[in-house]
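# Topology and contacts: notes
Chain by chain, the residues run as shown.
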Amino acid sequence: MRCANCRHRSGISLIYTSIIAVALIAIASLAVDFGRVSLARSELQTAVDASASAATARLNEGWAAARTAATEIALANRTDGTPVQLDENQDIEFGRWNSRTRSFEVATGFTTANAVRVTARRTAKRGNPIELPLGRLIGMPTCDVTASAVSTRLRYSLVGIEGVKMTGTATIDSYDSSIGKYGGGNTGENVSVISNRDINLGKNCAVYGDAHPGPNGTVMGASSVTGTTTPLPRALTFPMPTLDPSYNNVLIQPWLDSDRNLDLSGKMFTIQPGVYYVHNIDLASNASMMLQGQVTFYVSGNVILRGGIDLGGLPPGDFRIRVIEPGGTVQINGNASLSADLYAPGSDVSIVGTGDFYGTMVGKTIDLVGVAGVHGDESIAPYGGGGFLTLVK
């Protein structure tokens, strides 16, 4: 009887030992394979971060160039010992990043894209899942791993390098000129106001989008901002523009004085397409300008606008004002409005009264007074690049 019981207990012990061995193998496989999957997921995330950033950096060259950059950078990274391969038609998406809702919306056309989303997949469906050598012992031979990243360029709508100040009921919002005129359904909250110093907003003012002060700056009146108010990670540099030597003043010569001042008053002046170089621009309240095509003015002094400028349906990006000398002023007064790509990093810019600005603007300082409005055009890339790349998701 005793020997029989011993044999019985030995058999039970063998069963228990087998069960425990299987359990230990399962635990060991889970531990080893979990580490392998975690490493693969981290490697895949690194790859898509780099890929999305590379694509965004070349977005202004077109979608084809951006796709190429994304694919090449992905291939330069490895996951689980294998280069990361992207399907250009499924894994690379172009769209718009909405900073207020922190959402990515797939674009329907190149002009509306300001961000790139890259998704890398190591899945059984793709035929490239992560192998689990020990997991095979418990019926889990592979594991699917995916990673996604969204990159956008922090672009500015309005920059006051040494400060932005808004008083009265001034507002800043956005629209997309590639869709049509500002207003109605073509208004947005994707504006980006930037300064290397402080941004000072009055209690009745509004910024429909983001406001980024300098690294050591603050947003005073942050409750007026619908988006984020995080400081810039580093100060931005805005170099003085240089004169285009191809300028030709023949078509505006009748209106220039001996000092190259363009003083316009008393009637409507038609400006033909071209590149012009003047000292000052002074548009009187009883005068107006009508542009017949793409126009660039290089200005070495001041810009004072009291009258209206009609672009004839052209987008703001087709009227460029480049102030090439520091120390000047740009003034939009009264009820005058301006649609332009204004780049005056050495000038103090002010909009006083009921005047509105459509486009993108850079000044040494920006001062909005009264009921002035700035409507940043989402469809144009500002002069000098427009910020820096950032991963947002």
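In what follows, the accompanying structure is described. (Residues numbered from 1 in each chain as written. Predicted model: local features only at pLDDT ≥ 70, side-chain atom pairs only at ≥ 80, totals over all residues. Heavy atoms only, no water.)

The geometry of two aromatic rings is summed up by the distance between their centres and the angle between their planes. Taken as a whole and judged by the stated rule, the model has 9 aromatic pairs. Taken together, a centroid distance of 4.6 Å and an interplanar angle of 10 degrees make the contact between Trp63 and Phe94 stacked. Here Trp63 is found in helix α2 (residues 63-75), whereas its partner Phe94 is found in strand β3 (residues 92-98), with 31 residues between them in sequence. For the pair Tyr156 and Phe238, a centre-to-centre distance of 5.5 Å together with 65 degrees between the ring planes defines the contact as edge-to-face. With Tyr156 in the loop between β8 (145-153) and β9 (158-160) and Phe238 in the loop between β16 (219-220) and β17 (262-264), this pair connects stretches of sequence that are 82 residues apart. With a relative accessible area of 4%, Tyr156 lands in the buried category. Overall, the relative accessible area of 14% leaves Phe238 in the buried class. (Phe/Tyr/Trp six-rings, centres within 6.5 Å; stacked < 30°, edge-to-face > 60°. Helix = DSSP H or I, 4+ residues; strand = E, 2+ residues; numbered from the N terminus. Buried < 20%, exposed > 50% of the residue type's maximum accessible area, 1.4 Å probe, protein only.)

Now for the sheet that holds strand β21 (residues 288-291). With parallel pairing, the 3 strands of this open sheet are ordered in space as β18-β21-β24. Two strands in the sheet have a free side with no partner beyond their single neighbour: β18 (268-271) and β24 (308-310). Averaged over all pairs of adjacent strands, the angle between their axes in this sheet comes to 20 degrees, without regard to strand direction. (Pairing = 2+ DSSP bridges. Axes fitted to C-alpha atoms, helices over the stretch in contact; angles between N-to-C directions.)

Between side chains of opposite charge, a pair can form as their charged atoms come close. Within this structure, the stated rule accounts for 9 salt bridges. In this structure, Asp80 engages Arg36 in a salt bridge whose closest nitrogen and oxygen atoms are separated by 3.1 Å. Of the two residues, Asp80 sits in the loop between β1 (78-79) and β2 (82-83) while Arg36 sits in helix α1 (residues 2-57), which places them 44 residues apart along the sequence. For Asp91, the salt bridge identified is with Arg121, shortest N-O distance 2.3 Å. Of the two residues, Asp91 sits in the loop between β2 and β3 while Arg121 sits in strand β5 (residues 115-122), which places them 30 residues apart along the sequence. Looking at Asp91, the relative accessible area reads 0%, which means it is buried. Taken together, the shared-partner salt bridges in this structure form one network comprising Asp91, Arg121 and Arg126. (Salt bridge = Lys/Arg side-chain N within 4 Å of Asp/Glu carboxyl O.)

Moving on, we come to the nonpolar core. A general tendency of soluble globular proteins is for nonpolar side chains to be buried together. Core analysis: the largest hydrophobic core is formed by 52 residues, its most contacted members being Phe297 and Phe319. Here this core takes 6 residues from strand β27 (residues 338-353), the largest share from any one element. In contact with Phe297, other than residues within four places in its own chain, are Ile252, Leu262, Ile271, Tyr276, Val278, Ile281, Met289, Phe319, Arg320, Ile321 and Arg322. One finds Val37, Val84, Ile92 and Val116 within the second-largest nonpolar core, a separate group that totals 25 residues. (Core = buried A, V, L, I, M, F, W, Y, C linked by side-chain atoms within 4.5 Å. Contact = heavy atoms within 4.5 Å.)

What follows covers the side chain of Asn249. Within the fold, Asn249 resides in the loop between β16 and β17. Since its relative accessible area comes to 9%, Asn249 is described here as buried. From its side chain, Asn249 meets the backbone oxygen of Tyr277 in a polar contact 2.8 Å long. Setting aside chain neighbours within four positions, we find Asn249 in contact with Leu256, Arg260, Tyr276 and Tyr277. (Polar contact = N/O pair within 3.5 Å; in protein donor to acceptor, adjacent residues only side chain to side chain.)

Another aspect to go through is the side chain of Thr71. Inspection of the secondary structure assignment puts Thr71 in helix α2. Those residues in contact with Thr71 that sit more than four places away from it in its chain are Ser51, Leu86, Glu88 and Ile92.

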